[in-house]
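Now for the letters of each chain:
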Amino acid sequence: MPTHTQCPRIAIVDIPGKGKGVIAKQYIPPGALIISEKPRITLPAQNSGMVDRQGLVRIFQALAALSQDDSEFIMSFPCAPSEDPILGRLKHFTPCFGDNAFGLCLTISRVNHTCYSANGSPNASYRWNTRTKEEDLRAIREIQEGQEIEVSYMSDITNYESPPAYLRRKFGFECCCEGCTRPPAERLASDQRILAYNAFVPQVHSRFGKENPLQILKDLEIQILILCEEGYIFEVAGRADDAFELCASYGDAASGRQWEEICRDRYAIHLGTDSDDWKVAQRLATRPQDYVGWQALGRRNLKGPSPRILEYCYRNIETARAESTESVASGGVAQSVASSFDLPSAGAPVKLSKGQKKKAKAKAKKQVAQNSDKTVVTM
Ligand SMILES: [Zn+2]
């Protein structure tokens, strides 16, 4: 098995039924930066992501100027027989945001897709780093030795389209992940929950100051649990941040801090502690009073995250995946979280003693701190 020359922890291999893929050669903890790569090939693009006729001409001019080696590199990527052999391969390029370009990386562009779903989710994500001008591949779950590294090509759920149809239309392949191969009724139920979530998000801030803030926090909790159950754990950061802003608007520093810590710790895993998003969240978690709308709605004690939310956000991430699968049959993530901690089953409110809660949080924070320490690893 050939080991990656820059990163001995991963290798590009043939994956049955998928062409090439990338596997871990050793355990990789969540939050670790697996590899950063400058694209081997870049092509011109508009940052809007739309390619017009002139844009296509520029792309073909750039392709014509490539060396034989680079052309062969592009042609080594798969393309459906029904597609144009050049255009079909352009889909493997990813946007270099802010740089008017699409890039094709030696390694990261070989990472295969899996969908976010209740039945399984990607263990890594990639992101164009505008500061270093490199593509970062980061572990978002534990990755065991020998396990395939997988990302989602559908990183944004705000323009949600049912995954099988989207992947067929946009990338020309039939996704065979555990989410896409669920019975249609289950997939439809997931689609409806995500669409309802997308309808919830844009209007939540307009409710501030008009509705009971405790009801808004309750609704945010429901949405966060849905995100957890559907596998979109990065989205949790945004909703935890909404909850922080609500608490800070009422001058409740203690509750606000707890919510912002969830947001900050998600950013640590998905974006790294050198990201601007993490730094802002860290500052607000430390000093909620720095929030621009601090006490804008008066002064009132609200609520921090419930034990269910804390347990889900901070427990072992790989365990979450296994239990999430069980939850489909047993009635939800909240129930499986409860069973994993020997708590009352779903239907009854989950209550932890103060000691249990403190212990769970301390353990979780230690885990996140350990993961952050490991973020800068030897390649
Ligand atoms: Zn899928």
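Structure's up top.
Attention in this report is confined to the structure presented alongside it. On a predicted model such as this, the values are computed, not experimentally measured, just so you know. (Residues numbered from 1 in each chain as written. Predicted model: local features only at pLDDT ≥ 70, side-chain atom pairs only at ≥ 80, totals over all residues. Heavy atoms only, no water.)

### Brief notes about the sheet that holds strand β5 (residues 94–96)
Part 1: Judged by pairing direction, the sheet is antiparallel, and its three strands sit side by side in the order β4-β6-β5 without closing on themselves. This sheet does not close on itself; its edge strands, each paired only once, are β4 (41–44) and β5. Each neighbouring strand pair of the sheet contributes to a mean axis angle of 40°, computed without reference to strand direction.
Part 2: Two strands pair when backbone bridges link them, and β5 and strand β6 (residues 101–104) are joined in this way by three bridges, in the antiparallel orientation. Counted as the bridge partner of Cys 96 is Ala 101 from β6. (Pairing = 2+ DSSP bridges. Helix = DSSP H or I, 4+ residues; strand = E, 2+ residues; numbered from the N terminus. Axes fitted to C-alpha atoms, helices over the stretch in contact; angles between N-to-C directions.)

### Some thoughts on a nonpolar patch on the surface
Part 1: Side chains of Leu 56, Phe 60, Met 75, Ile 86 and Leu 87 sit close together on the surface and give an oily, nonpolar patch of about 370 Å² of accessible area.
Part 2: With respect to the element layout, Ile 86 can be found in the loop between α2 (68–75) and α3 (87–90).
Part 3: Exposure remark for Ile 86: the relative accessible area of 30% places this residue in the partly exposed category. (Patch = residues over 30% accessible without salt bridge, like charges linked within 9 Å, V, L, I, M, F, W, Y side chains within 5 Å. Areas by Shrake-Rupley, 256 points an atom, 1.4 Å probe, with all protein chains shown as cover. Salt bridge = Lys/Arg side-chain N within 4 Å of Asp/Glu carboxyl O. Buried < 20%, exposed > 50% of the residue type's maximum accessible area, 1.4 Å probe, protein only.)

### Re the packing of aromatic side chains
Part 1: Under the definition given, this model contains five aromatic pairs.
Part 2: Judged by centre distance (5.3 Å) and plane angle (85°), the rings of Phe 73 and Phe 77 are edge-to-face.
Part 3: Measuring from centroid to centroid gives 6.1 Å for Phe 234 and Tyr 267, while their planes differ by 55°, and the two rings are tilted. With Phe 234 in the loop between α6 (213–230) and α7 (235–249) and Tyr 267 in helix α8 (residues 253–270), this pair connects stretches of sequence that are 33 residues apart.
Part 4: Judged by relative accessible area, which is 14%, Tyr 267 ranks as buried.
Part 5: The aromatic ring of Phe 73 is capped on one face by Arg 40, whose charged end is 4.6 Å from the ring centroid.
Part 6: Against the face of Phe 77 rests Arg 110, its NZ or CZ located 3.8 Å from the ring centre. (Phe/Tyr/Trp six-rings, centres within 6.5 Å; stacked < 30°, edge-to-face > 60°. Lys NZ or Arg CZ within 6 Å of the ring centre and 35° of its normal.)

### Topic: unusual backbone geometry
Part 1: Here the phi dihedral of Lys 133 falls at roughly 60°; this positive angle occurs in a residue that is not glycine.
Part 2: Relative to the helices and strands, Lys 133 resides in the loop between β8 (124–129) and β9 (134–139).
Part 3: What makes Lys 133 partly exposed here is its relative accessible area of 36%.
Part 4: Backbone geometry at Gln 295 places phi at a positive 60°, although glycine is not the residue there.

### Description of the coordination of the zinc ion
Part 1: With distances of 2.2 to 2.3 Å, the protein atoms coordinating the zinc ion are Cys 115 (SG), Cys 175 (SG), Cys 177 (SG) and Cys 180 (SG).
Part 2: Given four donor atoms and angles of 102 to 113° at the metal, the environment of the zinc ion is assigned as tetrahedral.
Part 3: All donors of the zinc ion belong to a single chain; written as a sequence motif, their spacing is C-x59-C-x1-C-x2-C. Residue Cys 115 is found in the loop between β7 (112–113) and β8, and its partner Cys 177 is found in the loop between α4 (163–171) and α5 (184–200); the two are separated by 62 residues along the sequence. (Donors = N, O, S within 2.8 Å, 3.2 Å for Na, K, Ca; no water. Tetrahedral: all angles 85-135°; square planar, octahedral: opposite > 155°, others 65-115°.)

### Description of the side chain of Ser 125
Part 1: Mapped onto the fold, Ser 125 is located in strand β8.
Part 2: Taking the relative accessible area as the measure of exposure, Ser 125 reaches 17% and is therefore buried.
Part 3: Sequence-distant contacts of Ser 125, that is, excluding residues within four places in its chain, are made with Asp 136, Leu 137, Arg 138, Ile 140, Val 151 and His 270. (Contact = heavy atoms within 4.5 Å.)

### A closer look at the pattern of salt bridges
Part 1: Enumeration over the complete set of coordinates arrives at 17 salt bridges.
Part 2: One salt bridge in this structure joins Asp 14 and Lys 20, with 3.1 Å as the shortest N-O distance.
Part 3: By relative accessible area, Asp 14 is classed as exposed at 58%.
Part 4: Exposure remark for Lys 20: the relative accessible area of 38% places this residue in the partly exposed category.
Part 5: Linking Glu 150 and Lys 18 is a salt bridge whose minimum nitrogen-to-oxygen distance equals 3.0 Å. Of the two residues, Glu 150 sits in strand β10 (residues 148–151) while Lys 18 sits in the loop between β1 (10–15) and β2 (19–24), which places them 132 residues apart along the sequence.

Read these as geometric descriptors, not functional statements.
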